[in-house]
Amino acid sequence: IVFSGNGPSGICLSYLLSGYTPYFKRHALHPHPILQRKLEEAPEVSVLDQDLEYLSEGLEGRSHSPVALLFDTLQRPDTDFGGTAESVLAWWHEPDRAIPHLVLGRNAPGGAWHSIEGSMVTLSRGEWMGLPDLPFKEWLKQKKRGLRNNRATAEDIAQYYQHYVKKKGLQKNFKCGTVVTSVRKVSAESISNHTQKDLQEDGDSLWNSNEQSTEVFQVDGFFKTREDDKEPFSIYAENVVLATGTYDNPTWLGVKGENLSYVHHQLSALEEAVKNKNVDIVSDPVLIVGAGLTAADAILSAHHCNIPVIHVFRRRVSDPGLIFNQLPKMMYPEYHKVHQMMKEQTAAYAGPYERYISLPEHHVLSFGKDKKCILQDKNGCQKAYKISMALVLTGSNPNLSFLPNDGIDLAMDSDQPVNPKRNPIDVDPFTYECIQEKGLYALGPLAGDNFVRFVQGGALAVASSLLKKANKNPP
């Protein structure tokens, strides 16, 4: 089994496929009485071997995935109500149930968390960033640090994920510095016997002789060596798990001049410009496009350095779909401040915030070579602004160029590109196997699970499905 992606989804699945098995803890009491009754029916049977659809029926919460809600509530029973009840799971290591697998990723274990500015604070509460059987808070205590407003920094999380892989003994399954360039189905006959023999370890073949697949996946790519060379590889697997996340591919507006050198699509460009003193208090304003949390982080960063900002976004400030209208003020004071600035400091009304202008219900028409940007409001009025640089921060899409047709055929709407919020990959909700391609699984944002807290249920579903296929479920 090969997974592409070594972020939290991939790490959690590797843990579950390494023989770590969750059981209902003896004498544990879950606050959900119907779930408690179901768990008591077969405490000697691992959760992985039970009927996940039956266990998750009737659960409600902040995810659309029944299995994500199930695994989350087993690990953090009353967390949505501010409670700190212990997990009702006991973890047993059963090495004979392990399934050989390989986790491929560009970065160190933790995936995109290593690419995010280390001082950034997470949206989710710190304890929601943890993986099974090693609470994040406990790890943080050992580092003699606490959580700010119950939230953690990206640097802490990246370190925790690396520590988790070492502590749980999963390193042998991880191959970092790896880029996957192609995943495609090939017929098993086309693979030489020699290659098949190489894949067999100690007679525990990935190829089940009495039920030999007629087709397998060929995974091609390259390892980046220390000398910066590219060493190509080809791996054959009966099952492939896509867990690549969405950080790779920022969304473009598709307007004229967007490819000019002063127009950027990542927050790091602003940090770089500040460090190199390319923008400062007397510069022309930085244009920030977008009304999500990355745009808010850019505004806070610019505000902190006294850099002037023009902030452009399509929605009304009061739009209930705006993320700021969904966040509790007490827990997210810095985002509440940005929301206030957006409301109070429009071009029409001078507010209390210096060097910031909010332009709701506006969009970019074009970027000029002279660093002039043309904006248009909802009434069609256009205006030019001289800027020093532009940051287009309107979200990101997964990079699935390694799949046939960029993975579009796997999406819920197979006429549109895969998008984690609007058009995820179409998977079975209780196995996370792709509806259109058996043997291919999708996890995390690709399957519509956008928070670390909820990606783990997908890993539970995949592990349960793969154990059944490998006949590693006890009767």
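The preceding data block contains the structure.
Residues numbered from 1 in each chain as written. Predicted model: local features only at pLDDT ≥ 70, side-chain atom pairs only at ≥ 80, totals over all residues. Heavy atoms only, no water.

**A word on the sheet that holds strand S18 (residues 372-377)**
- Taking strand neighbours across the sheet as the criterion, the three strands line up as S17-S18-S19 in an open arrangement whose pairing is antiparallel. Looking at the sheet topology across the chains shown, the edges are occupied by strand S17 (362-367) and strand S19 (382-386). Taking each pair of neighbouring strands and ignoring which way they run, the sheet shows an average axis angle of 30°.
- As judged from the five bridges shared by S18 and S19, these two strands associate in the antiparallel manner. Counted as the bridge partner of Lys372 is Lys386 from S19. (Pairing = 2+ DSSP bridges. Helix = DSSP H or I, 4+ residues; strand = E, 2+ residues; numbered from the N terminus. Axes fitted to C-alpha atoms, helices over the stretch in contact; angles between N-to-C directions.)

**Things to note about the pattern of salt bridges**
- Evaluated as defined, the whole model comprises 11 salt bridges.
- With its nearest N and O atoms 3.1 Å apart, the salt bridge here joins Arg76 to Asp72.
- Residue classification places Arg76 among the buried residues on the basis of a relative accessible area of 11%.
- The partner of Glu437 in a salt bridge is Lys185, and the shortest N-O contact between them spans 2.9 Å. Of this pair, Glu437 sits in the loop between strand S21 (396-397) and strand S22 (440-442) while Lys185 sits in strand S8 (residues 178-187), placing them 252 residues apart in sequence.
- The exposure class of Glu437 is partly exposed, given its relative accessible area of 24%. (Salt bridge = Lys/Arg side-chain N within 4 Å of Asp/Glu carboxyl O. Buried < 20%, exposed > 50% of the residue type's maximum accessible area, 1.4 Å probe, protein only.)

**Some points on unusual backbone geometry**
- Despite not being glycine, Glu361 shows a phi value in the positive range, around 55°.
- Looking at the element boundaries, Glu361 is found in the loop between strand S16 (356-359) and S17.
- Residues other than glycine seldom take positive phi values, yet Lys371 does so here, at roughly 65°.
- On the secondary structure map, Lys371 appears in the loop between S17 and S18.
- In this structure Lys371 comes out as partly exposed when scored by relative accessible area, which is 32%.

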